[in-house]
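Tertiary structure, described
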Amino acid sequence: MILTFLADATAALRFESLGLSPVALDLGFFQLRWYSLAYIAGILIGWWYLLKLLAQPGAPMARRHADDMVFYATLGILLGGRLAYVTFYQPDIWQNPVDVLKLWEGGMSFHGGVIGVSLGIIYLAWKNKLQWLRIHDYVACCVPFGLFFGRIANFVNGELWGRATDVPWGMIFPRGGDVVRHPSQLYEAGLEGVLLFAVLWFLFWKTDARYQPGKLVGTFLLGYGLSRFTVEYFREPDSQLMEFAYRTHLSMGQWLTVPMILGGLYLIATAKGRRQRVEPIAGDQSVA
């Protein structure tokens, strides 16, 4: 239920009091934003973690493949994320196609980024005759880093705020009116970043999930889908999609997570049937 009341704005924490700025480094002629750093950090730390996973027995690809994977993943994130955002969240931008390329103005969709990265993985697997589903499993374990940093950057930017609330930790955002709102960016950072990473870490390192193709990526899809679906009840829908959310009773973000939840459930349910003897491309032993 959408809250319709305004909390006591005089008692709430104001975002400005945190002293945060979307610009991490300002040299006058050049500005480096936290949002850009979030992408860079997510990709580099994800790459580092992927190499640690590949060093374990039964890896689906070698170091040289991981290096190529970073390139394809970066392209997939940027192109898929931007195209999906424009298509589903701001279709008016298509009226001037040049504006689609203006990434610096913001506007990225995680769902589109997932599709872009998946296409990159499929191409890499086809090109090198690798198992695409197992590569998905390993890459999925690395994605929460990017999600965490991205949501923290959203918070630092004071964007994508939550709905009106009276919770003690509510906050007034500069562009959100004089209304106390949920810091939903932090909810997403906790669920999609920290919690989802912890679940995937446990499954990879403490169980045999990585030898059941599709189980890890299925867990990721289900975990992200449920997290995003839940947080959307606390997050303010984009202004241009308020009417859509009202008419369909779900936000665009929730509708886009439905295929992820269903796909995740399917992959998890069928993973054990794909269990097979794994001959490692990296590592030092086979796993039956």
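This one's a predicted model, so the numbers in the text were calculated from it and none came from an experiment.

**What about the pattern of salt bridges?**
If you walk through the whole model with that rule in mind, you get 11 salt bridges. Between Asp 178 and Arg 14 there is a salt bridge, with its nearest N and O atoms 2.8 Å apart. One end of the pair, Asp 178, is in the loop between strand 4 (171-172) and strand 5 (180-181); the other, Arg 14, is in strand 1 (residues 13-14), and 164 residues separate them in sequence. Residue Asp 178 is classed as partly exposed on the basis of its relative accessible area, which comes to 47%. Its relative accessible area of 36% is what places Arg 14 among the partly exposed residues. For Asp 67, the salt bridge is made with Arg 63, and the minimal N-O distance between the two is 3.0 Å. Of this pair, Asp 67 and Arg 63 both sit in helix 2 (residues 63-88), separated by 4 residues, roughly a single helical turn. Judged by relative accessible area, which is 30%, Asp 67 ranks as partly exposed. A relative accessible area of 48% places Arg 63 in the partly exposed class. Connected through shared salt-bridge partners, Arg 151, Glu 188, Glu 192, Arg 228, Glu 232 and Arg 235 make up one network.

**Observations regarding the nonpolar core**
Of all hydrophobic cores here, the largest spans 37 residues; its most connected members are Met 61, Met 69, Ile 135 and Phe 220. Only helix 1 (34-54), helix 2, helix 3 (110-128), helix 4 (132-140), helix 5 (143-157), helix 6 (184-206), helix 7 (215-231) and helix 9 (252-271) provide two or more residues apiece to this core. If we skip the residues at most four places from it in the chain, Phe 220 touches Phe 110, Ala 140, Val 143, Leu 147, Leu 196 and Leu 200. The next biggest cluster of nonpolar side chains, apart from the first, holds 7 residues, and it includes Val 86, Ile 93, Met 252 and Leu 256.

**Brief notes about the confidence of the model for the protein chain**
Taken residue by residue, the protein chain gives an average pLDDT of 86. The fraction at 70 or more is 89%. Confidence drops under a pLDDT of 50 for residues 1-7, and excluding neighbours within four residues, the segment shows 10 contacts in the predicted structure.

**What to know about the packing of helix 1 against helix 5**
The description of two packed helices rests on the angle between their axes and on the distance between the axes. Where helix 1 meets helix 5, the closest approach of the two axes is 8 Å, and the angle between their N-to-C directions is 165 degrees. Here helix 1 is positioned roughly antiparallel relative to helix 5, judged by the angle of their axes. The element helix 1 and its partner helix 5 pack so that their crossing is right-handed. Contacts between helix 1 and helix 5 involve Trp 34, Tyr 35, Ala 38, Ala 41, Gly 42, Ile 45, Gly 46 and Tyr 49 from the former and Phe 145, Gly 146, Phe 149, Gly 150, Ala 153, Asn 154, Val 156 and Asn 157 from the latter. Looking at the contact of helix 1 with helix 5 residue by residue, the class counts come to 10 nonpolar, 6 polar and no charged.

**Regarding unusual backbone geometry**
For Lys 129, which is not glycine, the phi torsion reads 55 degrees and is therefore positive. Mapped onto the secondary structure, Lys 129 falls in the loop between helix 3 and helix 4. Judged by its relative accessible area of 77%, Lys 129 falls in the exposed class. In this structure, His 249 is a non-glycine residue whose phi angle is positive, near 70 degrees. For His 249, the position within the fold is in the loop between helix 8 (242-248) and helix 9.

What counts, and at which threshold
Throughout this document, residue positions are counted from 1 along each chain, in the order its sequence is written. A pLDDT threshold of at least 70 governs which residues receive local features in this predicted model, and a stricter bar of 80 or more applies before side-chain atom pairs are shown or counted, although totals over entire chains, interfaces and linings include all residues. Excluded from the side-chain calculation are hydrogens and water; included are all heavy atoms of the structure. The rule for a salt bridge is simple: a side-chain nitrogen of Lys or Arg has to be within 4 Å of a carboxyl oxygen of Asp or Glu. Here a helix means four or more residues in a row that DSSP labels H or I, a strand means two or more in a row labelled E, and each is numbered from the N terminus. Throughout, exposure labels follow a simple rule: accessible area from a 1.4 Å probe, protein chains only, divided by the maximum for the residue type, with under 20% read as buried, over 50% as exposed, and the rest as partly exposed. To qualify as a nonpolar core, a set must consist of buried Ala, Val, Leu, Ile, Met, Phe, Trp, Tyr and Cys residues joined through side-chain atoms within 4.5 Å. By the convention used here, residues are in contact when the closest approach between their heavy atoms is within 4.5 Å. pLDDT gives the predictor's per-residue confidence on a scale running from 0 to 100. Fitting a line to C-alpha atoms yields each axis, with helices limited to the stretch in contact; the angle taken between N-to-C directions then spans 0 to 180 degrees. An angle counts as roughly parallel when it lies under 35 degrees, as roughly antiparallel when it exceeds 145, as roughly perpendicular when it falls between 65 and 115, and as oblique in every other case. Crossings are assigned a handedness: left-handed for a near helix turned anticlockwise from the far helix by less than a right angle, right-handed for a clockwise turn. Residue type decides the class: Asp, Glu, Lys and Arg count as charged, Ala, Val, Leu, Ile, Met, Phe, Trp, Tyr, Cys and Pro as nonpolar, and the leftover types, Gly among them, as polar.

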